Amino acid sequence: MSSQNPYCEIILPLPLAGTYTYAIPTQYKPIISPGSRVVVSFGKKKIYTGIVLKTHNESVSGYQPKELLDVLDELPLVNEKQLAFFQWMSRYYLSTLGEVMNAALPAALKLSSESFVGINPEIDPENAEVDDREWNLLRALKGNDLTMKDVSEVLGLKQPQRILKKLSENGLIDLFEKVKDKYQPKKVKRIRIADSYLEDGMLEGLINELESKNKQQDVLLAYLRNVPVLDEAELNTSGILKTQLLTEEVSPSSVKTLIKNEILVEWEETVSRLPTHKSDAFKAIKLSQEQEHCRRLIASSFDSHSTVLLHGITGSGKTEIFIELIKEQIDQGKQVLYLLPEIALTTQIIARLHRIFGDSFGVYHSRYSDNERVEVWQKVLRKEYQFVVGVRSAVFLPFSDLGLIVVDEEHEPSYKQFEPAPRYHARDSAIYLSTIHNANVLLGTATPSLETYQNALDGKYGLVELTSRYGDAYNPKMEFANVSRERKQRKLKGNFTSVLVEAIQESLDKKEQVILFQNRRGYASYINCENCSTIPKCSNCAVSLTYHQYNNKLVCHYCGYNQSMYSDCLKCGSKELRNVGFGTEELEEELKILFPQAIVQRMDLDTTRSKYGYQRIIEAFEDGEIDILVGTQMVSKGLDFDGVNLVGIFDTDRMIHFPDFRSHERAYHLITQVSGRAGRKSKNGKVIVQTNDPDQELLQRVRNDNYQAFFQWEILEREHFHYPPFTRLINITFKHREKTVSFQAANFFALDIRKNLGNQRMIGPVEPLIGKIRNMYLHEITLKIEKQGINLLAVKEYLRSVEQMMKQMPAFKGVGVVFDIDPV
C-alpha cells in the first residue's frame, strides 16, 4: 500500500530507544509502505538499512528530518503482523526495536555501508604534486572507486590511513560510504545447442562438418549423450549445466569456441541454494488407536483453548500426531511453524518430514548460510512454503496466515535467547504470535516445564496425555550404580563403574548400541597443581579453564579465550599437574581403552561445529556405523534410534545439586529425556545412572517415572519460596570494567527499587556465580513480581526510567544494564 504522507518512522538496527523520523522524497511516496526496507544516513557518515514502521503527516518540531536515500523493495519484506510482533517483543522483553530487527532479519537482508575512496573528478593525476606511491593510487582511482582493502593492495601498505589523510586534505580524493548488498542470488551457467541447428538434418550436418575438429566434435557428442535432443527436441530448452558438460573430459577452450561461433548458447540461471528431496506425496501415517484418540482430543481442545499441552511419555509417538495435525492445516491452506529446540534434533526429524512432505516445507536455523536463510524468508513471504521447521529464530519469519504452531520439547531452555538482546523465549513468543494470527499452539513434551503444567492444571491451556509407548516398546528399566561404594572397593575403571562396564560389554556382544551422557564437554573440568594448588584461570572471566586434549589447549567456555597446555606449573614449576573432573572427551578416550573393538564417537559442540557435523554423526549412528555415542545434552533431545538398548548417565549429582532453584526440574528433565533414548522399539531398554547417593529422593522419583508426583513435590517448594510459576522473575545485571562501579550502580538501583517496590520483591544486589565475564565485573538484582494485583508493564516502564536516571550520573554513564525477563 503506497503512502502520500511526507514522513516515516524508521526502525534502525541499533540498540537505541525508539524510531527515527525521515522525510519521504516525492519519487518514493507511491511505493513506500510499512515493512519496506529503506536506506538512510545516520549521523555524519554512516548508512544503514532500516524498516519502515509507519508513515505519517505529523509535523516534526525543532528540526528538519533528513530525507531517506532509497527504498529497496517493491513489496514490503516485513508484513504488518510481524511489525506488531516486533513491537510486542520490544515492550515485553525490555529491548529496543532495533535489537529486535537485528535478531529477526537474516544478516544478508541488512545492507551494510563500506568505506570507499574516490578521486576528485576535477584533478588530473598526471599533473598532481605527489610521490610515486601516491601517483599510482590516483591512477588506479581514475578507473574506479576503491575499497580500503583495494587501496592497501595498491599502496602495498597494511595501514594506508596516513597517505589517505594527506591526499584528502590536499583535495585530491574523497572518502565516502557506499551501500553494499550482502544477498546475492546463486547463479549457474547452462549450455544448449542454438535452436537453428535443431531444424531437419542441420545437427547431423554440423557433426560431419566438425570431423576435422575433433575436440569441438567431442563437445557436441558429450552434449548429445546427456541431452538426447534428437529423440526429444524440447529437452534442449533447459540444456545442461556448464560444469556438468566440463566433467565429460571435454576441452574448455573448445566449448568457448563453439559459444563464440554461436553453435552453443550459454546463459545464466538463478537457482535455489536450498537442498531438494523427493517424497511419497503426503505419505500416509498409520496412527495407533491411542494416538488417534489423542489427535481427536487435541482437535476438540482447540475449540476451547488456543494453546494445548500434549504430555506424552518418551517414545509414545508424539511426532506422528504432529504430522497429522500439520497435514490438516496445509489442506486448509494455512501456514504451520514447527519449532524444535536444537539443530541436532532438527537433523533427524527433518529427514522424516522430507520422506512425507518432500520439498514443500522450509528449514530455518543458524547452520544455514545467510543467503540460504534469505531464500527461506522469501519463500515464506511469497507463500511458496506453507510449513517451516526451525529453531527459535523461526518465530520471526514473515508468515501471513499461521494456523498452527507446534513447539516440540517445550520445556527446553534452548528456546531462551541469552545473548544478545532481545532475550526472548521462543515458546512464550510463539504463544503471543498465535494471537496475532488467530492460530493454535500445540506444546509437546514428555517432561513439561512446571510453568506450562501449572497453566494446564489451571485451565489456561488444554491438556492431553499419552501414557504408553508406541507399538511394542516398553519403558526402559532404570538402575543406579553407586560410584562412592565402588570407589571404596576400588572397582572403578577410570570414570566407569563396574556395573556400567559390564552392561556396555553385554550390549556390544548383542550387537546393540549404547548412548552415554555427560553434560560437560572437554577432557577435564580444570587442571590443578598438586604442589601449590594453582588452577589456571581465564584472564577475562572469573572461571577456570577447561582442558581439551584433542588440540592440547586450555579453553574458557564463556569468552573463548584459550592457551596451549603446559607441562610445568606456571607458578611453582612443578610437573605434578592433575586433571580434575571429566568431560565427554575423557570418556571417549577411556572407552577406546576399555572397549578397543568398539567404534566410539563423541557428539558435542567441539565435534559438530561444521554445517553438517550433526547430520554426519546422527546418520552414521542410525546406520549402525557407531557402537557407542558419547554426548552432552545434544543426545537428550528427542532423537530416535532403533538399535539403542543401553543409556549411561554420568555426573548426576552435579546436575541435581547445582545452586539454582530450577536444578531439580532440570535434572529430572535431562535424566528422563536421556533415558527415553533406550529401548524405543520392541526391545527392553536399560538405563544406568552413576551417582554417589542412589537413595536421594529425586532419583527415586525419576525411576518411578511419575511426572505428576514429581510436579506435586516440586511445586510446593516453588510456592513456599515465591518462585515461578507463582511469580514472574526479572533479572537485572550490571556490568563494568571496575568492580566497585558495578557494585555501586547495582546498589543505586536497589535503593530506588526498595523505595518504590518494597524490599520483599527483591533479591540482591549479589555477585553471581561467575562474577566476571569478558573483563566485565557483574552484579545482579532479581525481582519477584507476583502475577496478580500488580501491573507488569508499569513495573517494566519504571525499571527503564531508573536506568535512564542512573545513566545520567557521570559515575555510572559507562555501566551496562541488562534486563532478562522470565530468565531460565
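Above: the structure in question.
In this text the structure is predicted, and so the values were computed from the model without any measurement.

Chemist: Got a minute to help me understand the state of the cysteines in this structure?
Modeler: Structurally, a disulfide amounts to a covalent bond that connects the sulfur atoms of two cysteines. Scanning the entire structure with this criterion turns up zero disulfides. Just so you know, C569 is unpaired, no disulfide at all, and the nearest cysteine sulfur is the one on C532, 3.7 Å from it. For C569, a relative accessible area of 5% gives the class buried. Lacking any disulfide linkage, C572 is separated from the closest cysteine sulfur, that of C532, by 3.7 Å. A relative accessible area of 34% means that C572 is categorised as partly exposed.

Chemist: Explanation requested: helix α11 (residues 318–331) in the structure shown.
Modeler: Since the α-helix turns once every 3.6 residues, residues separated by three or four places project in the same direction. In this model, α11 (14 residues) spans 20 Å end to end at C-alpha, consistent with the 20 Å of a helix rising 1.5 Å per residue. Within α11, twelve of the 14 residues are buried, which leaves the element mostly enclosed by the surrounding structure. By the burial criterion, the buried members of α11 are K318, T319, E320, I321, F322, I323, E324, L325, I326, K327, Q329 and I330. Just past α11, the residue G333 takes up positive phi, approximately 80°.

Chemist: Where do I start with helix α14 (residues 426–437) in this structure?
Modeler: Taking 1.5 Å of rise per residue, twelve residues should cover 16 Å, and α14 covers 16 Å from first to last C-alpha, within 8% of that figure. Among the residues of α14, A426, R427, S429, A430, I431, L433, S434 and H437 are the ones counted as buried. One or two positions beyond α14, positive phi appears at N438, with a value near 55°.

Chemist: Teacher, can you tell me more about the pairing of strand β29 (residues 686–691) here?
Modeler: Looking along a regular strand, one sees side chains alternate from face to face of the sheet. Where burial is concerned, most of β29 is hidden: five out of the six residues are buried. Bridge count between strand β19 (residues 477–482) and β29: six bridges; the pairing is parallel. Counterpart to M478 in the pairing with β29 is V687. The sheet contact formed by strand β28 (residues 644–649) and β29 spans four bridges and is parallel. Each bridged residue has a counterpart across the sheet, and for G648 the counterpart in β29 is I688.

Cut-offs applied
- Residues numbered from 1 in each chain as written.
- Predicted model: local features only at pLDDT ≥ 70, side-chain atom pairs only at ≥ 80, totals over all residues.
- Heavy atoms only, no water.
- Disulfide = S-S within 2.5 Å.
- Buried < 20%, exposed > 50% of the residue type's maximum accessible area, 1.4 Å probe, protein only.
- Helix = DSSP H or I, 4+ residues; strand = E, 2+ residues; numbered from the N terminus.
- Expected span 1.5 Å × (residues − 1).
- Pairing = 2+ DSSP bridges.

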